[in-house]
Amino acid sequence: QVQLVESGGGLVQAGGSLRLSCAASGSSFRINVMAWYRQAPGKQRELVAIISSGGSTNYAGSVKGRFTISRDNAKNTVYLQMNSLKPEDTAVYYCYAADQGNYWGHGTQVTVSS
């Protein structure tokens, strides 16, 4: 089974930056899609950004222009560069990947203070 290991979460001040990483291991197939989701307390999990193996991307409107998703296909790793962070970005961020199945990381906490 594929495992996703996230890193890079933490506590930052509003206006600051964080870079999240997620490395997929154990896949015997091409990972077609990788994405970042987030879930704040009391809210549903929402898609933040998604990237295909070909490099096409989509972003939630709330983060577009501030966040950048990228991937290293050779490493099966996806990144999320988060700039100009706002307190409303505070959430647990989850990595997602899909080959013939779909896989989730355990999440990494991002807290943005005012």
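Up top is the structure these notes are about.
Rules behind the numbers
Residues numbered from 1 in each chain as written. Predicted model: local features only at pLDDT ≥ 70, side-chain atom pairs only at ≥ 80, totals over all residues. Heavy atoms only, no water. Buried < 20%, exposed > 50% of the residue type's maximum accessible area, 1.4 Å probe, protein only. Helix = DSSP H or I, 4+ residues; strand = E, 2+ residues; numbered from the N terminus. Pairing = 2+ DSSP bridges. Salt bridge = Lys/Arg side-chain N within 4 Å of Asp/Glu carboxyl O.

Peer 1: I'd love a proper account of the pairing of strand E9 (residues 91–98), names of residues and values included.
Peer 2: For a regular strand, side chains alternate in direction, first toward one face of the sheet and then toward the other. Counting buried residues in E9 gives eight out of eight residues, a clear majority hidden from the surface. Bridge count between strand E4 (residues 33–39) and E9: seven bridges; the pairing is antiparallel. Paired with Met 34 across the strands is Ala 97, a residue of E9. Alignment of E9 against strand E11 (residues 108–113), held across three bridges, turns out to be antiparallel. Across the sheet, the residue bridging to Tyr 93 is Thr 108, located in E11. Where E9 folds back onto strand E10 (residues 102–104) in an antiparallel hairpin, the turn is made up of three residues.

Peer 1: How would you summarise the pattern of salt bridges if you had to cite specific residues and measurements?
Peer 2: Scanning all chains against the criterion turns up three salt bridges. A salt bridge links Arg 38 to Glu 46, with the shortest nitrogen-to-oxygen separation between them at 2.8 Å. For Glu 46, a relative accessible area of 34% puts it in the partly exposed group. Residue Asp 89 is joined to Arg 38 by a salt bridge in which the shortest nitrogen-to-oxygen separation is 3.0 Å. Here Arg 38 lies in strand E4 and Asp 89 lies in the loop between strand E8 (77–82) and E9, a separation of 51 residues in the sequence. Given a relative accessible area of 0%, Asp 89 falls into the buried group. Using a relative accessible area of 6% as the deciding quantity, one classes Arg 38 as buried. Within this structure, Arg 38, Glu 46, Arg 66 and Asp 89 form a network of salt bridges that share partners.

Peer 1: Lay out the pairing of strand E7 (residues 67–72) with the relevant residues and their values.
Peer 2: Here E7 shows a buried face lined by Phe 67, Ile 69 and Arg 71 and an unburied face lined by Thr 68, Ser 70 and Asp 72. With antiparallel pairing between neighbouring strands as the criterion, E7 and E8 make up a hairpin whose turn holds four residues, including Asn 76 at a positive phi of roughly 50°.

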